[in-house]
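Residues per chain are reported as follows:
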Amino acid sequence: MTPAVPSDLARSLARGLSAAGVQKVFGLPGGGPNLDMIGAAQELGIEFVLAHGEVAACVTAATFGRLTGTTGFAVVTRGPGLTSAANGLAQATLDRFPLLLVSDAVPAEHAGRVAHQRLDQVAAAAPLTKWSGTLGTADPAGTVAAAARLARAAPAGAVHLAFDPTVPGDPVPPVPALPATDAAALDRARRLVDAARKPVVLVGLDAAREAADVRDALKALECPLLVTYQAKGTVPESWPTYAGLFTSAAMERPLLEEADLVLAVGLDPVEPIPGPWPYRAAVVMVHGHPVETAYFGEPLLLVGSYGELLPALLEPCRPVWPAGTGREVRRRDLARLEPAPGQASTAGLRPHDVVTTTQEILGDVPVTVDAGAHMLVAMPVWQTDHADTVLISNGLATMGFALPAAIGAALARPGRRVVCLVGDGGLCMVLAELETLARLWLPVTVVVFNDAALTLIKLKQGDGQGGPGAVGYAGVDFAAVAAGLGVPGRVVSDVAQLRAALSTHGRGPLLVDARIDPSGYPHVLRVTRG
Ligand SMILES: Cc1ncc(C[n+]2csc(CCOP(=O)(O)OP(=O)(O)O)c2C)c(N)n1
Ligand SMILES: [Mg+2]
């Protein structure tokens, strides 16, 4: 039997959450102390948002934290609650989203006798988190506040606390201090910048934390700028220097081969696609905290604030790129992504048209994108001038991200419509969260790229790798399923229907089941990834 948690302990925990700026608690309780914690948090005005799955609860919490500048907070039960949350912890950690997860635990006092649901939860969560420990009776408010701070400290990630009210608990390690900027390295980097004629700037996820300073520093720079998936919008895509996406694949290769210096600003090594670094140009990395550098060969790393480092680094920059190079590269690459002539769709919507029509009707709104072939079209074709509006799991690249992330984004940006672009496979992984969306009646438009297959994997499948049965489904009527879960749904199979459906939403959610023709994807995959 789990002992009842003393209410003053739960209240003290809730006070710690409140002091740490936690605004909402997400999760799925078991019958243990976390119910007391939810109740105590509610007493302090911290709302509880119930999910259907622990992964979804974590992703929603982490996204809410990421967009509100706080730590997302989730609670789950012990045993299966914690083990079910594993992918949510990994998502937060590898995508650098701030998440604090508190799980119940079999109390140490009873562990010699109780084997039911007993796991070493602290050890189970350790490799998925920045830190995992026990939350006990010793200063619970201080412990959750310190854990929330640690989760948020760059690089943000997940922190796990197993709640055991029969032990004092573990002290949370302090946030590591940042090293002072290396003046000699800055000097060397400035000399490289001074000598370069054709520098290319890569903007990565860490730069989004200081987007305003990064924009100020890059605004007048006449070099092509590429951004990673997670940095989309950190520099406005309407700038003439904006040249498109950097994933470390084929699309950006011609530009990077021409570069004589690569300036990687906030580029986290978790972002590029695994593979060799084929460029000869020297690399200077500017980062807000120490990072691994090995992916890029032997780059020069400068650590410090972007607002201070970038102006000093870029001051001697005298590029000779023809004016408008970025815009021209982008125009050419978007044209290359278009399906080749003769590949016009006869069997449904072209994924391109789904993305452009959705943006045409709904505008430059916050968007979440799932993992899959649809992402290869959505990421380059969706356009934004705003930081923190395109959310994707790239470091973990997990399916099942986009819907719970859209719920978190809609809660973080009240009054704004949020778009969720998701494949049929990824949506099925978190389908029940449509009920969460309906219950909260959030303004989220879910657009499903329905091709009844795990198409990205189908594209990579060779002979002797399982055939259609390994990657194909019978097909789902998502509009009917959505209606059953409380979300109005429409099936569309051409642009006119899509346009009409997207225009019909009221104040709440809408699901558009877009029956797409996947036949253009092999071309997109070749152009983007080679
Ligand atoms: C949780 C998880 N499982 C498996 C994968 C591997 N994976 C990446 S994309 C993909 C297929 C996605 O299918 P769907 O959601 O229908 O999108 P589509 O590729 O068809 O556009 C798979 C299985 C993953 N990234 N995440
Ligand atoms: Mg699919």
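This section reports on the structure supplied with the text. (Residues numbered from 1 in each chain as written. Chains lettered and ligands numbered in written order. Predicted model: local features only at pLDDT ≥ 70, side-chain atom pairs only at ≥ 80, totals over all residues. Heavy atoms only, no water.)

### A short note on the coordination of the magnesium ion (ligand 2)
Right, so step 1: The protein atoms that coordinate the magnesium ion (ligand 2) are Asp424 (OD), Asp451 (OD) and Ala453 (O), at distances spanning 2.1 Å.
Right, so step 2: When the donor residues of the magnesium ion (ligand 2) are listed from N- to C-terminus, their spacing reads D-x26-D-x1-A.
Right, so step 3: On the accessibility criterion, Asp451 (16% relative accessible area) is buried.
Right, so step 4: Relative accessible area serves as the criterion here: at 7%, Ala453 is assigned to the buried category. (Donors = N, O, S within 2.8 Å, 3.2 Å for Na, K, Ca; no water. Buried < 20%, exposed > 50% of the residue type's maximum accessible area, 1.4 Å probe, protein only.)

### Here we look at the side chain of Arg417
Right, so step 1: Tracing the backbone shows Arg417 in the loop between helix 15 (402-412) and strand 15 (418-423).
Right, so step 2: No salt bridge is formed by the buried Arg417, whose closest oppositely charged neighbour, Asp364, lies at an N-O distance of 14 Å.
Right, so step 3: In terms of polar contacts, Arg417 uses its side chain to reach the side chain of Thr445, at 2.8 Å.
Right, so step 4: At 2.7 Å, the side chain of Arg417 forms a polar contact with the backbone oxygen of Gly508.
Right, so step 5: Those residues in contact with Arg417 that lie beyond four places of it in its chain are Leu362, Val365, Pro366, Pro443, Val444, Thr445, His505, Gly506, Arg507 and Gly508. (Helix = DSSP H or I, 4+ residues; strand = E, 2+ residues; numbered from the N terminus. Lys, Arg positive; Asp, Glu negative; His and termini not counted. Salt bridge = Lys/Arg side-chain N within 4 Å of Asp/Glu carboxyl O. Polar contact = N/O pair within 3.5 Å; in protein donor to acceptor, adjacent residues only side chain to side chain. Contact = heavy atoms within 4.5 Å.)

### Quick look at the packing of helix 3 (residues 54-68) against helix 15
Right, so step 1: Orientation of helix 3 relative to helix 15, taken along the N-to-C sense of each, is 40 degrees, at an axis distance of 7 Å. Crossing angle aside, the handedness with which helix 3 passes helix 15 is right-handed. On helix 15, the residues touching Ala56, Val59, Thr60, Thr63, Phe64, Leu67 and Thr68 of helix 3 are Pro404, Ala405, Ile407, Gly408, Ala409, Leu411 and Ala412.
Right, so step 2: Considered class by class, the residues forming the contact of helix 3 with helix 15 number 10 nonpolar, four polar and no charged. (Axes fitted to C-alpha atoms, helices over the stretch in contact; angles between N-to-C directions. Left-handed = near helix turned anticlockwise from the far one by under 90°. Nonpolar A, V, L, I, M, F, W, Y, C, P; charged D, E, K, R; others polar.)

### Some points on the pattern of salt bridges
Right, so step 1: The full count for this structure, using the stated rule, is 19 salt bridges.
Right, so step 2: Among the salt bridges present, the one from Arg332 reaches Asp333, with a minimum N-O distance of 3.4 Å.
Right, so step 3: In this structure Asp333 comes out as buried when scored by relative accessible area, which is 7%.
Right, so step 4: A salt bridge links Arg439 to Glu435; the shortest N-O distance between them is 3.0 Å. Taken together, the residues span about one helical turn, with Arg439 and Glu435 both in helix 17 (residues 433-440) at a distance of four residues.
Right, so step 5: On the basis of relative accessibility, which here comes to 24%, the residue Glu435 falls in the partly exposed class.

### Thoughts on the sheet that holds strand 2 (residues 47-50)
Right, so step 1: Taking strand neighbours across the sheet as the criterion, the six strands line up as 2-1-3-4-6-5 in an open arrangement whose pairing is parallel. Each of the sheet's edge strands pairs with one partner strand only, and the pair in question is strand 2 and strand 5 (131-135). Averaged over neighbouring strand pairs, the angle between their axes works out to 25 degrees when direction is ignored.
Right, so step 2: Inspection of the sheet shows strand 1 (residues 24-28) paired to strand 2 by four bridges, in the parallel sense. Across the sheet, Lys24 pairs through a bridge with Glu47, a residue of strand 2.
Right, so step 3: Sheet contacts for helix 2 (residues 34-43): strand 1, strand 2, strand 3 (72-76), strand 4 (99-104) and strand 6 (158-163); angle to strand 3, the most-contacted strand, approximately 145 degrees. (Pairing = 2+ DSSP bridges.)

### Things to note about the pairing of strand 4
Right, so step 1: Strand 4 sits mainly inside the fold: six of its six residues count as buried.
Right, so step 2: Of the two faces of strand 4, both are covered, the one formed by Leu99, Leu101 and Ser103 as well as the one formed by Leu100, Val102 and Asp104.
Right, so step 3: As paired strands, strand 3 and strand 4 are joined by five bridges and run parallel to one another. Bridged to Gly72 within strand 4 is Leu99.
Right, so step 4: Where strand 4 and strand 6 come together, six bridges link them in parallel fashion. When the sheet's bridge partners are listed, Leu101 is paired in strand 6 with His160.

### Quick look at empty space enclosed by the protein
Right, so step 1: The tally for this structure, following the rule as stated, stands at four cavities of 30 Å³ or more.
Right, so step 2: In this structure, the largest cavity encloses a volume near 160 Å³.
Right, so step 3: Along its surface, the largest cavity is lined by 15 residues, and Gly244, Leu245, Met251, Asp333 and Pro380 are the ones closest to its centre.
Right, so step 4: Every element with two or more residues in the lining of the largest cavity is listed here: strand 9 (242-245) and helix 12 (325-337).
Right, so step 5: With four residues, the single largest contributor to the lining of the largest cavity is strand 9.
Right, so step 6: Residue classes in the lining of the largest cavity are distributed as nine nonpolar, three polar and three charged. (1 Å grid on protein atoms, 1.4 Å probe; cavity = no way out; pocket = protein on both sides within 12 Å on 5 of 7 lines; lining within 4 Å. Points joined across faces, edges and corners; volume = space filled by probe spheres on them.)

### A word on the layout of surface pockets
Right, so step 1: If you add up the space inside the largest pocket, you get close to 580 Å³.
Right, so step 2: If you trace the largest pocket, you find 34 residues lining it, with Ala371, Gly372, Met375, Ala397 and Leu456 closest to the centre.
Right, so step 3: At the level of secondary structure, the elements contributing two or more residues to the lining of the largest pocket comprise helix 14 (373-381), helix 16 (424-429), helix 18 (455-460) and helix 21 (521-529).
Right, so step 4: Examining the composition of the lining of the largest pocket, we find that four residues originate from one element, helix 18, more than from any other.

### Overview of helix 20 (residues 495-502)
Right, so step 1: Residues of helix 20 that are buried include every one of Leu498, Ala501 and Leu502, and no others. Take helix 20 and look down its axis: the buried residues cluster within an arc of 95 degrees, on one side only.
Right, so step 2: Buried-residue contacts for helix 20 involve helix 13 (351-362), strand 16 (444-450), strand 17 (489-492) and strand 18 (510-515).
Right, so step 3: Where helix 20 starts, the residue carrying a side-chain oxygen 3.2 Å from the main-chain nitrogen of Ala496 turns out to be Asp494. (Arc of directions from axis to C-beta.)

### Describing the site of ligand 1
Right, so step 1: Close to ligand 1 lie 18 residues, the nearest being Ala373, His374, Ala397, Gly425 and Gly426.
Right, so step 2: One nitrogen or oxygen atom from the main chain of Ala373 is found 2.8 Å from an oxygen atom belonging to ligand 1.
Right, so step 3: His374 places a polar side-chain atom, nitrogen or oxygen, 2.8 Å from an oxygen atom of ligand 1.
Right, so step 4: Of all the elements in the fold, those that place two or more residues in the shell around ligand 1 are helix 14, helix 16 and helix 18.
Right, so step 5: When residues of the shell around ligand 1 are assigned to their parent elements, the largest contribution, four residues, is made by helix 16.
Right, so step 6: Taken together, the residues of the shell around ligand 1 break down into nine nonpolar, seven polar and two charged. (Near = heavy atom within 4 Å.)

### Quick notes on the packing of helix 9 (residues 211-218) against helix 11 (residues 306-314)
Right, so step 1: Orientation of helix 9 relative to helix 11, taken along the N-to-C sense of each, is 10 degrees, at an axis distance of 9 Å. In this view, helix 9 runs roughly parallel relative to helix 11, as classed from their interaxial angle. Contact with helix 9, carried on its side by Asp213, Val214, Ala217 and Leu218, involves Tyr306, Gly307, Leu310, Pro311 and Leu314 of helix 11 and no other residues of that element.
Right, so step 2: Each residue belonging to the contact of helix 9 with helix 11 can be placed in one class, and the counts come to seven nonpolar, one polar and one charged. (Parallel < 35°, antiparallel > 145°, perpendicular 65-115°, else oblique.)

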